[in-house]
Amino acid sequence: QVQLVESGGGLVQPGGSLRLSCAASGKIFTLNGMGWYRQAPGKQRELVASITIIGSTNYADSVKGRFTISRDNAKNTVYLQMNSLKPEDTAVYYCKYSHYSDYMKHEYDYWGQGTQVTVSS
């Protein structure tokens, strides 16, 4: 089992910045992927950004140029630096950890509890 603890959410004004952190603990596999998803009221959960063990990244079009995902493998921690925040970024942000089992031919996903990000004047 893997446990994920997120922190860094809060209330910020439009144009402001926040940095989210997610620390993973438990049985961590060497090869894994981590990412951030978000879910706003009335909307489905969507991918914000993801990063592989070697640092390859992927971003949603809506956050490109504003958000940066990074990870510290020694600490099993992933970060999301959010700049130039907009009201549309308001959502609960969830951290995800994934590893692939070659034996089971299956990807296992673990989710954090979520942290609220509110962008408002």
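The structure we're discussing is the one just above.
So, here's what we can say about the structure.

Rules used throughout
- Residues numbered from 1 in each chain as written.
- Predicted model: local features only at pLDDT ≥ 70, side-chain atom pairs only at ≥ 80, totals over all residues.
- Heavy atoms only, no water.
- Helix = DSSP H or I, 4+ residues; strand = E, 2+ residues; numbered from the N terminus.
- Buried < 20%, exposed > 50% of the residue type's maximum accessible area, 1.4 Å probe, protein only.
- Polar contact = N/O pair within 3.5 Å; in protein donor to acceptor, adjacent residues only side chain to side chain.
- Contact = heavy atoms within 4.5 Å.
- Disulfide = S-S within 2.5 Å.

### Section: the side chain of Arg-66
- Structurally, Arg-66 is set in the loop between strand S6 (57-59) and strand S7 (67-72).
- Residue class for Arg-66 comes out buried when judged on its relative accessible area of 11%.
- Polar side-chain contacts of Arg-66 include one of 2.9 Å to the backbone oxygen of Ser-62.
- When residues no more than four places from it in sequence are discounted, the contact partners of Arg-66 are Gln-81, Met-82, Asn-83, Ser-84, Leu-85, Lys-86 and Asp-89.

### A word on the state of the cysteines
- Under the criterion given, the structure shown has one disulfide.
- Paired by a disulfide, Cys-22 and Cys-95 hold their sulfur atoms 2.1 Å apart. With the S-S bond torsion at -85 degrees, the cross-link from Cys-22 to Cys-95 turns out left-handed. Here Cys-95 lies in strand S9 (residues 91-101) and Cys-22 lies in strand S3 (residues 18-26), a separation of 73 residues in the sequence. Both residues of the pair, Cys-22 and Cys-95, belong to the buried class.

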